[in-house]
Amino acid sequence: MHLARFPRLSFGHFPTPLEPLTQLSQLLGGPNIWIKRDDCTGLATGGNKTRKLEFLLGDAQEKQADVIITQGATQSNHVRQTVAAAAKLGLKTHIFLEQRVTTLGDDYQHSGNILLDGLLGGEIIAHLPAGTDMQQAMEHHAETLRAQGFKPYVIPGGGSNPVGALGYVACAQELLWQSSQQRLRIDHIVHATGSAGTQAGLVAGLHASNSGIPLLGISVRAPREKQEQNVWRLAQQTLELLGVEGELPRESVKANSDYVGEGYGLPTTSMLEALQLLAQHEGILLDPVYSGKGFAGLIGLIREGAFRKGENVVFIHTGGSAGLFGYRQVITDSLAS
Ligand SMILES: *Cc1c(COP(=O)(O)O)cnc(C)c1O
């Protein structure tokens, strides 16, 4: 495996820190919890998409793209980071947003990530109803631009294709290197999983390194079976892109969908508890859509006794705090109750 064979640009501050959550570990009385700070990747409030974009926009540049097209939910962290990275290259991003959440009012519709999209110079082409075929909408727009002589580069939702997943193969390598440097035996890795690229890249990287570290994705949207299948398929494609031979064992992909609640982007009590615990005991901001539900999953599993005392569990903080401002009312209410 040789990542330097792939075109790559530099957008983030790496390596991101790997730190102990001392207070919270003590409070919960379970395993030692560590946090990998991918919320601190440094690009316009950071997050996990920055790693993917180093490879995706590297590919776009090699293909001489002159405009970027991508899509996401109204409060998409992926869209925000894409617009920021493209701005550094002097490229415009054409954005397609999906109204996946309609019940959260004005802040959700106008503050947080969507505010930053505009500030960073992104151009919202359409804000479409939930359930729209977003990939098709982007392809159609790309066709129109090509007919006008442009060279658009289409990035799928979440940047989740084999090229994007390379960013998390690199993260797996970085984490294994840090564990060696810090003499930290990692017993489990936990993180939030959505469009599957983060988990697929990590699974591929951990598998190709023969690390034996179990990884669990806490789903924020799809049921367990579907999520595991999506991750497995993308991880297998990523290994093929890397030239790693053999089939990825299906058992190396594990997801848990018990913390989704009523649906994507919809608040849950356990998410709001996780937000407050991390903020008030560690000074760390999670987000309402991904890392908050992911950490709620970790807390739930610790309370069920899923980990032994003395084990080291690494939570990968995938970012998203800009989204907090879209959830102002829900958070204010939870602080008052
Ligand atoms: C996109 C995102 C995730 C999920 O990553 P995927 O690669 O889409 O599975 C997790 N956390 C945050 C904050 C995100 O923006």
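Keep in mind that this is a model prediction, so the values were computed, not measured.

Procedures and definitions
- Residues numbered from 1 in each chain as written.
- Predicted model: local features only at pLDDT ≥ 70, side-chain atom pairs only at ≥ 80, totals over all residues.
- Heavy atoms only, no water.
- Helix = DSSP H or I, 4+ residues; strand = E, 2+ residues; numbered from the N terminus.
- Rg over C-alpha atoms; globule rule 2.2 N^0.38 Å.
- Buried < 20%, exposed > 50% of the residue type's maximum accessible area, 1.4 Å probe, protein only.
- Contact = heavy atoms within 4.5 Å.
- Near = heavy atom within 4 Å.
- Polar contact = N/O pair within 3.5 Å; in protein donor to acceptor, adjacent residues only side chain to side chain.
- Areas by Shrake-Rupley, 256 points an atom, 1.4 Å probe, with all protein chains shown as cover.
- Nonpolar A, V, L, I, M, F, W, Y, C, P; charged D, E, K, R; others polar.
- Pairing = 2+ DSSP bridges.
- Axes fitted to C-alpha atoms, helices over the stretch in contact; angles between N-to-C directions.
- UniProt positions renumbered as here; feature names shortened; annotations may be inferred.

(A) The arrangement of the overall build of the protein in detail. Of regular secondary structure, the protein possesses 12 helices and 10 strands. Against the 2.2 N^0.38 benchmark of 20 Å for 337 residues, the protein shows a C-alpha radius of gyration of 19 Å, consistent with a compact globule. Relative to its full complement of 337 residues, the protein shows a buried share of 58%. Taking all contacts inside the protein whose residues are at least 6 apart in sequence as the whole, residues at least 24 apart take part in 80%.

(B) View of the site of the ligand. Neighbouring the ligand are 17 residues, the closest being K49, K52, S195, T198 and T318. One nitrogen or oxygen atom from the main chain of G197 is found 3.4 Å from an oxygen atom belonging to the ligand. Considered on its own, the ligand offers 380 Å² of accessible surface; in the complex 98% of this is hidden by protein. Mapped onto the shell around the ligand, the elements with two or more residues apiece are helix 2 (49-62), strand 7 (188-193) and helix 8 (197-208). Taken together, the residues that form the shell around the ligand break down as three nonpolar, 11 polar and three charged.

(C) Quick peek at the sheet that holds strand 8 (residues 215-219). The strand order across the open sheet built from six strands is 1-2-10-7-8-9, with neighbouring strands paired in mixed fashion. The outermost strands of the open sheet, each flanked by one partner alone, are strand 1 (18-20) and strand 9 (254-256). Strand-to-strand, the axes of this sheet are offset by a mean angle of 30°, without reference to chain direction. Where strand 2 (residues 32-37) lies against strand 10 (residues 312-317), six bridges are found, and the strand directions are parallel. Among the inter-strand pairings, I35 is bridged to a residue of strand 10, identified as F315. Strands in contact with helix 7 (residues 162-181) are strand 1, strand 2, strand 7 and strand 10; relative to strand 2, the strand with the most contacts, it is inclined by about 130°.

(D) Spatial organisation of the UniProt feature "domain: Tryptophan synthase beta chain-like PALP" (unreviewed entry) in the protein. The residues that UniProt annotates with the feature "domain: Tryptophan synthase beta chain-like PALP" (unreviewed entry) are residues 10-319. In residues 10-319, helix accounts for 45% and strand for 17%; the two terminal C-alpha atoms are 18 Å from one another.

(E) Main features of the environment of A204. The residue A204 is located in helix 8 in this model. For A204, a relative accessible area of 0% corresponds to the buried category. Taking C-alpha positions, A204 is 35 Å from Y108, a pair spaced 96 residues apart along the chain. Once residues within four sequence positions are removed from consideration, A204 is found in contact with V169, A235, T238 and L239.

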